[in-house]
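Examination of the molecular architecture
Each chain, letter by letter, is given below.
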Amino acid sequence: KQWYQRRVRGSTKQGLYMACCMLFRGNFESNSSHEINTAIAKIKTRKDMHFVDWMPTGFKVGLNNCTPRVFPDDDMAAVTRTCTMLSNSTAVQQPWLRLIDKFQRMFTKRAFVHWYVGEGLEEAEFDVALANIQALIDEYDLLGKDDGAEEDDYGF
């Protein structure tokens, strides 16, 4: 089996990071957490990475001392350490906007609509899906502009 990495195209330099989780796995020494915290502090001061004002920490770090597993007949090299980063950024609006643009161009031409209607989907559900994606984009836009002065829905 081959494993593929797929990443959404978009520039994170145009958005704000709301959360970032870094998962470290491998041979780490007792002072590694201090080194990791120092590296994260340096990352936060870089000019090309911007974080929302209302998130005080922004990073979650996980350390696992087990070495990464190597599978037989795999193209991946055996390494002693790995780091996986999961992040949420307001820059995710860009791919959603491209999706809406492509969807609207196809939907105005009625491309493939007959297949979905033939399988039982109602045409009104296309409008609902489009409205849901637009609401998601609006929420990310709001989160990126929020300065943290107001309370959110949970009262924090």
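Everything discussed here concerns the structure shown above.
So, a few notes on the structure that sits alongside this text.

Conventions used here
Residues numbered from 1 in each chain as written. Predicted model: local features only at pLDDT ≥ 70, side-chain atom pairs only at ≥ 80, totals over all residues. Heavy atoms only, no water. Helix = DSSP H or I, 4+ residues; strand = E, 2+ residues; numbered from the N terminus. Buried < 20%, exposed > 50% of the residue type's maximum accessible area, 1.4 Å probe, protein only. Areas by Shrake-Rupley, 256 points an atom, 1.4 Å probe, with all protein chains shown as cover. Patch = residues over 30% accessible without salt bridge, like charges linked within 9 Å, V, L, I, M, F, W, Y side chains within 5 Å. Salt bridge = Lys/Arg side-chain N within 4 Å of Asp/Glu carboxyl O. Pairing = 2+ DSSP bridges. Axes fitted to C-alpha atoms, helices over the stretch in contact; angles between N-to-C directions.

Examining the overall build of the protein chain
The helix and strand tally for the protein chain stands at four helices and three strands. Listed by position from the N terminus, the elements making up the protein chain come as β-α-β-β-α-α-α. By the burial criterion, 21% of the 156 residues in the protein chain qualify as buried. Accessible surface for the protein chain amounts to roughly 12600 Å². Of this, 55% is attributable to carbon and sulfur atoms.

A word on a nonpolar patch on the surface
Together, Met106, Phe112, Trp115 and Tyr116 make up an exposed nonpolar region whose accessible area comes to about 450 Å². Here Tyr116 is to be found in helix α3 (residues 113-118). What makes Tyr116 partly exposed here is its relative accessible area of 45%.

Topic: the sheet that holds strand β1 (residues 17-26)
As summarised here, the arrangement of the three strands in space is β2-β1-β3, forming an open sheet in which the pairing is mixed. Both outer strands of the open sheet, β2 (59-64) and β3 (81-89), are each paired with one neighbouring strand and no more. Strand-to-strand twist in this sheet, taken as the mean axis angle between neighbours without regard to direction, amounts to 10°. Of the pairings in the sheet, the one linking β1 to β2 comprises six bridges and is parallel in character. Within β2, the residue paired with Arg25 across the bridge is Asn64.

Observations regarding unusual backbone geometry
One non-glycine residue with positive phi stands out, namely Asp73, at about 60°. Within the secondary structure, Asp73 is located in the loop between β2 and β3. A residue is classified by how much of its surface remains accessible, and Asp73, at 84% relative accessible area, is exposed. The backbone of Arg110 shows a phi angle near 60°, a positive value even though the residue is not glycine. In this fold, Arg110 is placed in the loop between α2 (93-108) and α3. According to the relative accessible area criterion, Arg110 is partly exposed, its value standing at 39%.

Some points on the pattern of salt bridges
Scanning all chains against the criterion turns up two salt bridges. Residues Asp101 and Arg105 are paired through a salt bridge, measuring 2.9 Å at the closest nitrogen-oxygen approach. Of this pair, Asp101 and Arg105 both sit in helix α2, four residues apart, roughly one helical turn. Using a relative accessible area of 37% as the deciding quantity, one classes Asp101 as partly exposed. Residue classification places Arg105 among the partly exposed positions, given a relative accessible area of 47%. Across the pair Glu123 and Arg110 runs a salt bridge whose closest N-O atoms are separated by 2.8 Å. Residue Glu123 is located in the loop between α3 and α4 (124-145), and its partner Arg110 is located in the loop between α2 and α3; the two are separated by 13 residues in the primary sequence. Look at Glu123 and you get partly exposed, because its relative accessible area is 36%.

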